[in-house]
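Commentary on secondary and tertiary structure
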Amino acid sequence: MAASGWPFYFRAGGSNSRGSGKIDVLPTSLARSPAMNLRRLNHLIAVADEGSFARAAEKMHLSQPALSRSIQALEDELGMQLCERQARGVTLTAGGKMVLERARRVTAEARALDRDVHLLKNHELGEIRFGFGPHPAAMLMADVLGTLSNAYPGLTVHAEVNNWTSLLEGLHAENLDFFIVDRRAVLASPGLATRLMATHQGGWFARPEHPLFRQENITLSDLRRSRLASVPLPVHMHQAMRRMLKYKPSELLKFHVECNSVFVLKQLAEQSDTLIYGLQLTMQQELQQGSLRQLHIEDSKGFSMQFMLIHLDHRSLSTTAQQAISILLEHDKQLQ
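Residue indices begin from 1 for each chain and proceed along its sequence in written order. Two thresholds apply to this predicted model, a pLDDT of at least 70 for residue-level local features and 80 or more for giving and counting side-chain atom pairs, whereas whole-chain, interface and lining totals are computed over all residues. Heavy atoms throughout the structure, all of them, feed into the side-chain values; hydrogens and water do not.

**Topic: the packing of aromatic side chains**
- The aromatic pairing rule takes the rings of Phe, Tyr and Trp, using the six-membered ring of Trp, and pairs them if the centres are within 6.5 Å, calling planes under 30 degrees apart stacked, those over 60 edge-to-face and the rest tilted. A complete count under the given rule lists five aromatic pairs for this structure.
- Between Phe130 and Phe132 the ring centres are 5.6 Å apart and the planes differ by 75°, which places this aromatic pair in the edge-to-face class. Exposure class is identical for Phe130 and Phe132. Each is buried.
- Members of the aromatic cluster, connected to one another through ring pairs, are Phe130, Phe132 and Phe178.
- Throughout this description, the term charge over a ring refers to an Arg CZ or Lys NZ atom that lies within 6 Å of the ring centre and within 35 degrees of the ring normal. For Arg85, the ring lying beneath its charged end belongs to Phe53, and the centroid distance is 3.9 Å.
- One cation-aromatic arrangement involves Arg293 over Phe213; the distance from NZ or CZ to the ring centre is 4.0 Å. Burial classes follow relative accessibility: with a 1.4 Å probe on protein chains only, a residue under 20% of its type's maximum area counts as buried, one over 50% as exposed, and anything between as partly exposed.

**Looking at the nonpolar core**
- Joining through side-chain atoms within 4.5 Å is the link that ties buried Ala, Val, Leu, Ile, Met, Phe, Trp, Tyr and Cys residues into a set, and such a set is a nonpolar core. The biggest cluster of nonpolar side chains holds 66 residues, and the ones touching the most others in it are Phe178, Trp204, Leu245, Leu295 and Leu328.
- Should any heavy atoms of two residues lie within 4.5 Å, those residues are counted as being in contact. What Leu295 contacts, discounting residues up to four positions off in sequence, is Trp204, Phe205, Ala206, Leu212, Phe213, Ile218, Leu223 and Leu275.
- Core analysis: the second largest hydrophobic core is formed by 21 residues, Ile45, Cys83, Val90 and Ala103 among them.

**Looking at the packing of helix α5 (residues 134–151) against helix α11 (residues 319–334)**
- To define axes, lines are fitted to C-alpha atoms, for helices over the stretch in contact only, and angles between the resulting N-to-C directions are given on a 0 to 180 degree scale. Segments assigned H or I by DSSP are reported as helices when at least four residues long, segments assigned E as strands when at least two residues long, and all are numbered from the N terminus. For the pair α5 and α11, interaxial distance at closest approach is 10 Å and the crossing angle is 130°. Between α5 and α11, the angle falls in the class oblique. For the pair α5 and α11, the crossing hand works out as right-handed. Counted together, Met139, Leu140, Asp143, Val144, Thr147 and Leu148 of α5 and Ala324, Ile327, Leu328, His331 and Asp332 of α11 form the full contact between these two elements.
- Note that Gly is not counted as nonpolar here; it falls among the polar residues with everything else outside the nonpolar set of Ala, Val, Leu, Ile, Met, Phe, Trp, Tyr, Cys and Pro and the charged set of Asp, Glu, Lys and Arg. For the contact of α5 with α11, a count of residues per class yields seven nonpolar, two polar and two charged. Angle categories: roughly parallel below 35 degrees, roughly antiparallel above 145, roughly perpendicular from 65 to 115, and oblique for all the rest. What makes a crossing left-handed is the near helix being turned counterclockwise from the far one by less than a right angle; a clockwise turn instead makes it right-handed.

Nothing here speaks to function; it is all geometry.
Structure representation (structure tokens):
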């Protein structure tokens, strides 16, 4: 790798693979078949990501001719064309797409290996980066951070609260080790490893003075006519909320307030006649203090939320990340 100087190469199908298509990551001294160095694979990834030799060369701090020679050398080693130059940029051939997919896995594993060896040599815990959607953050984040801080005083932790789209981008950019979101936020995306967590009961909440509590019965129709507040929802979750509240096709679901902080939304509900959606556990303190009440809706089967833990399928988790996930899952289990 250019950053660390590790002389690693990969080969497709090792001597024991019998054509299985498996990829072995090998030190130079162990490579016994024609090998491709990681630098050329990173060049191919840059060309694919940028869609242009010029932009890829700038990204990799190379001249364009040097990048072209690197891709050509890779094509010569493989015996196949990987890229096609077109008027609007560069596209990959079918073979190029296959090599790209494997190249991403190999380079990710090489970076993970470099990371773990560095930590081992320096007797360090290193750092961990993970993210939460707004609802799992409100329920789990403080307890998980506290346990990590007590168990690993030397660990540097970077935690962020964001929406599904931003967290996924951070994961693919390898700025996050993993993240946790509402399961309904997750869209099919290649290269992800997922794990379902516990299911928790949720509902709609308002201050005790809200006019709805003066009614004998509360229905979904009453909710549709009320001021609603929510965390920002992606389009597909917005549609799911429409179905949950049984909106007609001609009716518009409009949140009067959208905010990424569940804590701010709770304060909003305490101070105004605004209804908020959340988890019973997240609202537990306010319910006990009497500053919020849950609405019991006559024509609803109830509301629940299940979280999902997500990380890259092709990238090995560090030992520290695995420990953090174990702590997170244990906290989630205890809250059932």
